[in-house]
Amino acid sequence: HSFIWSSCIFLKVMKEKKKKSNLILLSSIYGLRGQDMSIYHKTKLRENLAYVVSKGGINSFVKGASSFYGKYSIRVNAISLGSIMSSSLRMNLHSNPDLQESIIDATPLGYIGDPEEVSELALFLASNNSNFLTGQIVTIDGGQWLNHAGNFYDMLKNVSDDEWEQLRNMIKSSNESDKAKRSV
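Now for a look at the structure at hand. Since we're looking at a predicted model, the values are computed, not measured. (Residues numbered from 1 in each chain as written. Predicted model: local features only at pLDDT ≥ 70, side-chain atom pairs only at ≥ 80, totals over all residues. Heavy atoms only, no water.)

## Section: the sheet that holds strand β3 (residues 137–140)
Sheet strands associate in pairs through backbone hydrogen bonding, adopting either a parallel or an antiparallel arrangement.
Here comes step 1: Judged by pairing direction, the sheet is parallel, and its 3 strands sit side by side in the order β1-β2-β3 without closing on themselves. Every other strand in the sheet has two partners, leaving β1 (21–28) and β3 as the edge strands with one partner each. Taken pair by pair, the neighbouring strands of this sheet meet at an average axis angle of 25°, ignoring direction.
Here comes step 2: Direction of pairing for β1 relative to strand β2 (residues 74–81): parallel, over a ladder of 8 bridges. Across the sheet, Ile24 pairs through a bridge with Asn77, a residue of β2.
Here comes step 3: The sheet contacts of helix α1 (residues 2–17) involve β1 and β2, and relative to β1 the element is tilted by about 165°.
Here comes step 4: The sheet contacts of helix α6 (residues 115–126) involve β1, β2 and β3, and relative to β2 the element is tilted by about 165°. (Pairing = 2+ DSSP bridges. Helix = DSSP H or I, 4+ residues; strand = E, 2+ residues; numbered from the N terminus. Axes fitted to C-alpha atoms, helices over the stretch in contact; angles between N-to-C directions. Contact = heavy atoms within 4.5 Å.)

Here it is in structure tokens:
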């Protein structure tokens, strides 16, 4: 809650100053799709729902605040982080040796992001080059959130050819049944 309350105070001050302004918040890919526990299967790390909910709240706040404060020339955006080599991630990697490989496997670009990459994105969002950008959740994650749509992706990887064929036949049968009912 503190990020939201602090942001409200900053936005109020920005509005009162009647100056073109910009607020950039940090979020997470887990605020967009929930926590992908398949990355943590070889670790002692467990699901953290409070984290997921708080990041989802930040994303919603960005949408609402940008809509309201846009008329005051105030832009509000968020950077949605994937796996970035922060001090907390470094600590988790130290105590969970298999985690790095899992993260890299889950990231199409094949590496853990560097804090410099995030700072470059923040500089762009703060610059005049992004004057027409507001209400956006800009994801920087090497494609990680697109690659793993939660645990459902991992389930699909293990579906056999026979199971796929059964699914196709079930869908085909259902479609034919629907078509027959409509043509009566």
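## What about the packing of aromatic side chains?
For any two aromatic rings, the description comes down to two numbers: the centre-to-centre distance and the angle of the planes.
Here comes step 1: For the structure on display, the rule yields 3 aromatic pairs.
Here comes step 2: Centroid distance Phe68 to Tyr72: 5.9 Å. Interplanar angle 55°. Geometry classified as tilted.
Here comes step 3: Arranged with centres 6.2 Å apart and planes meeting at 55°, the rings of Tyr69 and Tyr72 form a pair that is tilted.
Here comes step 4: Since its relative accessible area comes to 15%, Tyr69 is described here as buried.
Here comes step 5: Looking at Tyr72, the relative accessible area reads 30%, which means it is partly exposed.
Here comes step 6: Among the aromatic residues, ring-to-ring pairing joins Phe68, Tyr69 and Tyr72 into one connected group. (Phe/Tyr/Trp six-rings, centres within 6.5 Å; stacked < 30°, edge-to-face > 60°. Buried < 20%, exposed > 50% of the residue type's maximum accessible area, 1.4 Å probe, protein only.)

## What about the side chain of Asn96?
Here comes step 1: Mapped onto the elements of the fold, Asn96 is located in the loop between α4 (87–95) and α5 (99–105).
Here comes step 2: Asn96 has contacts with Thr43, Lys44 and Leu45, leaving out every residue within four places of it along the chain.

## Looking at unusual backbone geometry
Here comes step 1: In this structure, Lys18 takes a positive phi of about 55° despite not being glycine.
Here comes step 2: Relative to the elements of secondary structure, Lys18 occurs in the loop between α1 and β1.
Here comes step 3: The exposure class assigned to Lys18 is exposed, which follows from its relative accessible area of 75%.

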